[in-house]
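Breakdown of the fold
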Amino acid sequence: IEEKARIKKKLGINSKLIVIYSGEYKRTGAIENLVKIIKKTSLSNNQVLFIFSCRIKYEVEMTIREKLKERLINDNVLFLDTIKNYHEYAKISDIAIFPASNMSGKFDLPLALIELMKVGCPVIHTNTIPLDELYKNAKGLCLENNPDEIYFKLIEMINSSELLKKYVNHTINESIRFSPKKIIPMYEEVYADVL
């Protein structure tokens, strides 16, 4: 908690609670869900900061980001561009949301989500394959692709420090499944089958 407070002070962030989206602007189909969730959350709690941490590889993504900034101009939102201290933003994030409706072209889990889990940041996500593999035990975080359902789960966690703490503990326990010691042998097995 002290480290979080120190990093927040260094970054000039005063928000009580931070929700991060580490994904893509275009391919995941999450943007419309995110806009709805952010708008509703901002109306009920103005102490929540939403962070967009998205790679921009193509001009179309830059265009989407600019339009998104216009749509969310009155909301408490921070857009990260290419930065060298992403790990600090990950460490101060309390909850991650990943309301993707499309994971085509992604056969494995986004590494950004696993990194967030490793620092104890629960990930509220849709039950889109392969996202449904993130949790085995914290089932309450894998939801239908419905922005209202995701919003209600987010608000529930924001309003209950006890529930949030429970999900933080679940997340840390679940993240062990994605440690290099467990994952590397699986990749080696897959590659051996292919070769």
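In this report, we go over the structure that sits alongside the text.

Conventions we followed
Residues numbered from 1 in each chain as written. Predicted model: local features only at pLDDT ≥ 70, side-chain atom pairs only at ≥ 80, totals over all residues. Heavy atoms only, no water. Helix = DSSP H or I, 4+ residues; strand = E, 2+ residues; numbered from the N terminus. Rg over C-alpha atoms; globule rule 2.2 N^0.38 Å. Buried < 20%, exposed > 50% of the residue type's maximum accessible area, 1.4 Å probe, protein only. Areas by Shrake-Rupley, 256 points an atom, 1.4 Å probe, with all protein chains shown as cover. Lys, Arg positive; Asp, Glu negative; His and termini not counted. Charge placed at Lys NZ, Arg CZ, Asp CG, Glu CD. Contact = heavy atoms within 4.5 Å. Salt bridge = Lys/Arg side-chain N within 4 Å of Asp/Glu carboxyl O.

Observations concerning the overall build of the chain
Scanning the chain from N- to C-terminus turns up 8 helices and 6 strands. Shown N-terminal to C-terminal, the secondary structure of the chain runs as helices and strands in the order α-β-α-β-α-β-α-β-α-β-β-α-α-α. Taking 195 residues into account, the globule formula puts the C-alpha radius of gyration at 16 Å, and the chain, at 17 Å, falls close to it. Across its three principal axes, the chain shows a C-alpha extent of roughly 55 × 40 × 35 Å. Across the 195 residues in the chain, those meeting the buried criterion constitute 46%. With the model as given, the accessible surface of the chain reaches about 11,100 Å², and the carbon-plus-sulfur share is 54%. When the 29 basic and 25 acidic side-chain charges of the chain are each reduced to a single mean position, those positions are 4 Å apart.

A short note on the environment of Cys121
Looking at the element boundaries, Cys121 is found in the loop between helix H5 (111-118) and strand S5 (123-126). Ignoring sequence-local partners within four residues, the contact set of Cys121 consists of Ser93, Asp94, Ile95, Ala96, Leu116, Tyr135 and Thr171.

Examining the pattern of salt bridges
Per the counting criterion, the structure on display carries 12 salt bridges. Note that Asp75 and Lys39 form a salt bridge whose closest N and O atoms lie 2.9 Å from each other. Linking Asp75 in the loop between helix H3 (59-71) and strand S3 (77-80) with Lys39 in helix H2 (residues 31-44), this pair joins segments that are 36 residues apart in sequence. The class for Asp75 is buried, based on a relative accessible area of 15%. Judged by relative accessible area, which is 33%, Lys39 ranks as partly exposed. Between Lys69 and Glu66 there is a salt bridge, and its shortest N-O distance comes to 3.8 Å.

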